[in-house]
Amino acid sequence: MERKYVLVINPGSTSTKVAVYEGYERKAQENITHETSDLEKYEKVTDQYEYRKEMIVKWLIDKNFNPSKLVAVVGRGGLLRPMPSGTYKVSKQMIDDLVVGIQGEHASNLGGMIAGAIAESENIEAYIVDPVAVDEFEDVARVSGTPQIIRKSLVHALNIKAIAHRVANDKNVKVEDLNLVIAHLGGGISVVPLLKGRMIDANNANEMGPFSPERTGSLPVGDVAKICFSGDYTFAEIKKKLRGKGGMTAYLGTNDAREVLKRIEDGDENAKLIFEAMGYQISKEIGAMATVLQGQIDAIVLTGGVAYSKYLTDYIKERVAFIAPVILKPGEDEMEALNEGVQRVLSGEETAKIYEEEVVFND
Ligand SMILES: Nc1ncnc2c1ncn2[C@@H]1O[C@H](COP(=O)(O)OP(=O)(O)O)[C@@H](O)[C@H]1O
Ligand SMILES: CCCC(=O)OP(=O)(O)O
């Protein structure tokens, strides 16, 4: 039987996106949503491994894709050790690091784990592409302000790199010919200066930068310390306040920007204030990242689900258009980007990287 399909797996905090590609053509895609009550049963994100894997295999069979026709499986890679960009073979060491969450817990850690398991049962290769842990920081960006804390490159690398390539293609140049500031505006927000294609800084969507639909971003540190020591919250509760229940969700009770836009249309002044405050903070972060590129910027690019909102993109444009032209690339191209990374390897255009050869082990 001819092996021709690539299975693409992208686990998010509330859903798992799956797709099957034949070459560059998408044959099927689904966003399998998970009930909060189902996910809450698991203490750690990686404990959801069997549950999500079974749903993916069932989806594949329901869609009449025989797993024996798969040529490769690719998953969104997670918080691995700091690593160069590229397509990587899933390896034992990589899986060990994903299971322990070497740089933290995140749904994308499940991507490599599940891809590895499905590929192993079919005796084919599994890959990850441009994981969250891609690190192209310049050293100056790592300094936080206290020696105990190092600023980390944890970023929406997959979509940001893919969007940079799309912008370069549109302009008929290579990414290496461009300096861009790209803002990924999703459930979490990454604002990234790309110097000739390299992501030399980033806010870390889980901990710093603008608040987002469900995360607080940067907060006044003194007040955070007081809340932490108030005795009112456990560590787990504080983490939830910062990520998941923070940002727009904390103020308005929803992480759905469309719902907030509807409320604004209906005259809700508080919804307007909070949504505009998010735009205000995004604009400020873009301004900060513009200084990283010393003002030499070909374009500012707004991408991610919230970039569908003209209300928000107009608000941001008014504040940052003096820096460089603003390009809109709403939505995200992660499934496409994962498949493209694997196709480049399958066609021999690129060689898959080996995790153990690219990362530093100091433990
Ligand atoms: N057409 C739209 N207009 C405004 N906001 C949108 C639109 N479509 C999606 N969104 C918002 O985008 C956010 C999710 O972005 P997305 O990039 O899909 O998220 P994630 O980073 O979690 O994958 C949600 O707040 C959602 O309400
Ligand atoms: C830290 C960047 C990666 C990230 O936050 O991804 P999601 O928004 O998909 O959770």
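All values derive from a computational prediction rather than experimental measurement. (Residues numbered from 1 in each chain as written. Chains lettered and ligands numbered in written order. Predicted model: local features only at pLDDT ≥ 70, side-chain atom pairs only at ≥ 80, totals over all residues.)

## Overview of the overall build of the protein chain
Turning to step 1, where the next piece is worked out: Helix and strand counts for the protein chain come out as 13 helices and 12 strands.
Turning to step 2, where the next piece is worked out: In terms of C-alpha radius of gyration, the protein chain reaches 20 Å, essentially the compact-globule figure of 21 Å for 363 residues.
Turning to step 3, where the next piece is worked out: Projecting the C-alpha coordinates of the protein chain onto the three principal axes gives extents of approximately 60 × 50 × 50 Å.
Turning to step 4, where the next piece is worked out: By residue count, 42% of the 363 residues in the protein chain fall in the buried class. (Helix = DSSP H or I, 4+ residues; strand = E, 2+ residues; numbered from the N terminus. Rg over C-alpha atoms; globule rule 2.2 N^0.38 Å. Buried ≥ 20, exposed ≤ 12 C-beta atoms within 10 Å, placed from the backbone.)

## Some points on the site of ligand 1
Turning to step 1, where the next piece is worked out: Not every one of the 15 residues close to ligand 1 is listed here, only the nearest: Gly186, Gly187, Ala257, Gly305 and Tyr308.
Turning to step 2, where the next piece is worked out: In the shell around ligand 1, the residues fall into 4 nonpolar, 8 polar and 3 charged. (Near = placed C-beta within 6 Å. Nonpolar A, V, L, I, M, F, W, Y, C, P; charged D, E, K, R; others polar.)

## Details of the sheet that holds strand S8 (residues 189-195)
Strand pairing in a sheet relies on backbone hydrogen bonds, with the paired strands running either antiparallel or parallel.
Turning to step 1, where the next piece is worked out: The 5 strands are arranged S9-S8-S7-S10-S11 in an open sheet whose pairing can be described as mixed. In the strand order of this sheet, the two ends are held by strand S9 (198-199) and strand S11 (326-330), each with one partner.
Turning to step 2, where the next piece is worked out: Of the strand pairs in this sheet, strand S7 (residues 179-185) and S8 are connected by 7 bridges, and their pairing is antiparallel. The residue of S8 that forms the bridge with Leu180 is Leu194.
Turning to step 3, where the next piece is worked out: Most of the contacts of helix H5 (residues 157-170) go to S7, to which it runs at about 135 degrees, and overall it touches S7, S8, S9, strand S10 (299-304) and S11.
Turning to step 4, where the next piece is worked out: Lying on the sheet, helix H10 (residues 269-292) is in contact with S7, S8 and S10; it crosses S8 at an angle near 20 degrees. (Pairing = 2+ DSSP bridges. Contact = placed C-beta atoms within 7 Å. Axes fitted to C-alpha atoms, helices over the stretch in contact; angles between N-to-C directions.)

## What to know about the sheet that holds strand S2 (residues 15-22)
Turning to step 1, where the next piece is worked out: Reading across the sheet, the 7 strands line up as S3-S2-S1-S4-S6-S5-S12 and stay open at both edges, with mixed pairing between neighbours. The sheet is open, and its two edges are formed by strand S3 (25-33) and strand S12 (353-354), each paired on a single side.
Turning to step 2, where the next piece is worked out: Strand contacts of helix H2 (residues 49-62): strand S1 (5-11), S2 and S3, with the helix running at about 40 degrees to S2, the strand carrying the most contacts.

## Points about the pairing of S1
Turning to step 1, where the next piece is worked out: Judged by how many residues are buried, S1 sits mostly within the fold: 7 of 7 residues are covered.
Turning to step 2, where the next piece is worked out: Of the two faces of S1, the one holding Tyr5, Leu7, Ile9 and Pro11 and the one holding Val6, Val8 and Asn10 are both buried throughout.
Turning to step 3, where the next piece is worked out: Of the pairings in the sheet, the one linking S1 to S2 comprises 7 bridges and is antiparallel in character. The residue bridging Val8 from the neighbouring strand is Ala19, located in S2.

## Topic: the domain arrangement of the protein chain
Turning to step 1, where the next piece is worked out: Taken as a whole, the protein chain is organised into domain 1 (5-136 + 335-358) and domain 2 (157-331).
Turning to step 2, where the next piece is worked out: Here domain 1 and domain 2 have C-alpha centroids that lie 25 Å from each other. (Domains from an automatic or database assignment.)

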